[in-house]
Amino acid sequence: MVEALKKKGERRSLNPFVTIFVVIVLVAILTWIIPGGSYQLDDAGNAIAGTYQRVAANPQGLWDIFMAPIIGMVGNDMVGAAIAVSLNVMFFSAFLEMIDTSGALTTFLKRIAVKNKGQSTVLICLLVAVMMVLGTVTGSYEEGFVFLLIFLPILIGMGLDTITALAVVVVGTQMGCLASVINPFSVGIASEIAGISPGDGMLLRAALLALGYVFACFFICRYANRVQKDPSKSLQAWRRAEDVAEFGGEEGGGCVGVAGGAGEGAGGGAGAGEVAVAGGDGAGGAGVG
């Protein structure tokens, strides 16, 4: 009963579709308040400075509010269709959801981490490469923190620190997102708006991705090697014992198991992942939920 009351009293965020509809209604109301105006346009469709003039306003009514999403999708004489961008985002999001639900990506990353746990430089470069692919293909950032729970026990067990694991996720995904070679959520939408092909400038973005990868690996490995040689140089040296106890068990510890998530088996989900670390001979372990 108490739990039911708590659930009843919990505040839930608005559905995205409700939020969008509210914005449409607010904009429609503003068309009755803000006076109409227009600019003269050049051959390229750009507004010419100093040519603004008042025109009759075009207030939007109830029918226009309900038709706005449809016109936005299929377009009309004044507005281009956004259906291609919408479908691109929808199908790509479905693809990411299937990967997350199946746990395929999480299992793949776990195997890379465990297989190369004795070679810090090689492991860091591999993990950064995977994070950069996620960033440049999907624009990932928040999603990367799910994998942080996988990386922490192994990297700490190798004598590294939490900063190294965090840098792999943050620097890796953001360097990839910076290049956005084939990111449909930034390059795809921007190209559609600009009226150009998403392939324009792809080679330049790929070169930027390669340079970013070299910089990210050098930056992270340089710090990691310094910490591995002298743990006192870690930015988190003051809480080394707590980090080892919470995430890494004994240094040089054993395997990492990942369970939970959106799907069954070894699938990590945001906020629902669990990392179990067995140290040494299997005695002693730490669990992080």
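Preceding this section is the structure that the text describes.
Residues numbered from 1 in each chain as written. Predicted model: local features only at pLDDT ≥ 70, side-chain atom pairs only at ≥ 80, totals over all residues. Heavy atoms only, no water.

Provide a residue-level description of the overall build of the protein, including the pertinent values.
Looking only at helices and strands, the protein has 11 helices and 5 strands in total. Here the protein holds 289 residues, and the buried ones make up 33% of them. If you take every contact in the protein between residues at least 6 apart in sequence, the share linking residues at least 24 apart comes to 63%. Total accessible area computed for the protein in this model is approximately 17600 Å², and 66% of it derives from carbon and sulfur atoms. (Helix = DSSP H or I, 4+ residues; strand = E, 2+ residues; numbered from the N terminus. Buried < 20%, exposed > 50% of the residue type's maximum accessible area, 1.4 Å probe, protein only. Contact = heavy atoms within 4.5 Å. Areas by Shrake-Rupley, 256 points an atom, 1.4 Å probe, with all protein chains shown as cover.)

Break down the side chain of T164 for me, citing the residues and quoting the values.
Turning to its location among the elements, T164 is positioned in helix α8 (residues 162-179). A residue is classified by how much of its surface remains accessible, and T164, at 0% relative accessible area, is buried. Side chain to side chain, T164 and D161 meet in a polar contact 2.7 Å long. (Polar contact = N/O pair within 3.5 Å; in protein donor to acceptor, adjacent residues only side chain to side chain.)

Can you tell me about helix α3 (residues 62-74), naming the residues and giving the values?
Taking 1.5 Å of rise per residue, 13 residues should cover 18 Å, and α3 covers 19 Å from first to last C-alpha, within 8% of that figure. For α3, the principal kink sits at A68 and spans about 40 degrees; a proline, P69, occurs within the next four residues. Two residues or fewer past α3, G75 is found with a positive phi of approximately 80 degrees. (Expected span 1.5 Å × (residues − 1). Bend = angle between axes of the 7 residues up to and from the residue.)

I'd like a rundown of the packing of aromatic side chains, residues and numbers included.
What the rule picks out here adds up to 3 aromatic pairs. Taking the centre distance of 5.9 Å and the plane angle of 40 degrees together, the rings of F21 and F66 count as tilted. Taken together, the residues F21 in helix α2 (residues 16-30) and F66 in helix α3 connect sequence positions 45 residues apart. What makes F21 partly exposed here is its relative accessible area of 36%. The class of F66 is partly exposed, set by a relative accessible area of 48%. Summarising the aromatic geometry, the rings of Y39 and Y52 are spaced 5.3 Å apart at their centres and angled 55 degrees between planes, so their arrangement reads as tilted. Within this pair, whereas Y39 is found in the loop between β1 (37-38) and β2 (53-54), its partner Y52 is found in the loop between β1 and β2, the two being separated by 13 residues in sequence. (Phe/Tyr/Trp six-rings, centres within 6.5 Å; stacked < 30°, edge-to-face > 60°.)

Could you give me a rundown of unusual backbone geometry, with the residues and numbers involved?
Although it is not a glycine, S180 adopts a positive phi angle of roughly 45 degrees. When you line up the elements, S180 lands in the loop between α8 and α9 (184-194). Here S180 falls in the buried class, since its relative accessible area comes to 5%.

Before we move on, could you go through the pattern of salt bridges and cite the residues and values that matter?
Under the definition given, this model contains 2 salt bridges. Between D243 and R239 there is a salt bridge; the shortest N-O distance is 2.6 Å. Judged by relative accessible area, D243 falls into the buried class, the value being 4%. Among the salt bridges present, the one from E246 reaches R239, with a minimum N-O distance of 3.4 Å. Salt bridges sharing partners connect three or more residues here, namely R239, D243 and E246. (Salt bridge = Lys/Arg side-chain N within 4 Å of Asp/Glu carboxyl O.)

So what's going on with the nonpolar core? Residues and values would help.
Counting residues in each nonpolar core, the largest one holds 34 residues, and the members touching the most others are L123, I124, V128, M131, F151 and V168. Discounting chain neighbours no more than four positions away, the residues touching M131 are L109, F147, F151, V168, V169, G172 and T173. (Core = buried A, V, L, I, M, F, W, Y, C linked by side-chain atoms within 4.5 Å.)

Please provide a residue-by-residue account of the environment of V169, values included.
The topology assignment puts V169 in helix α8. For the pair V169 and Y141, spaced 28 residues apart in sequence, the C-alpha to C-alpha distance is 7.9 Å. Here V169 is in contact with M131, G144, F145, L148 and F151, once residues within four sequence places are set aside.

Summarise helix α7 (residues 144-157); cite the residues concerned and give the values.
Compared with the 20 Å implied by 1.5 Å per residue over 14 residues, the 20 Å span of α7 between its first and last C-alpha is a close match. A maximum bend of about 35 degrees is found in α7 at F151, where proline P153 lies one to four positions downstream. Along α7, the positions that sit buried rather than exposed are G144, V146, F147, L148, I150, F151, L152, P153, I154, L155, I156 and G157.

Everything listed here is a matter of geometry and, on its own, says nothing about what the molecule does.
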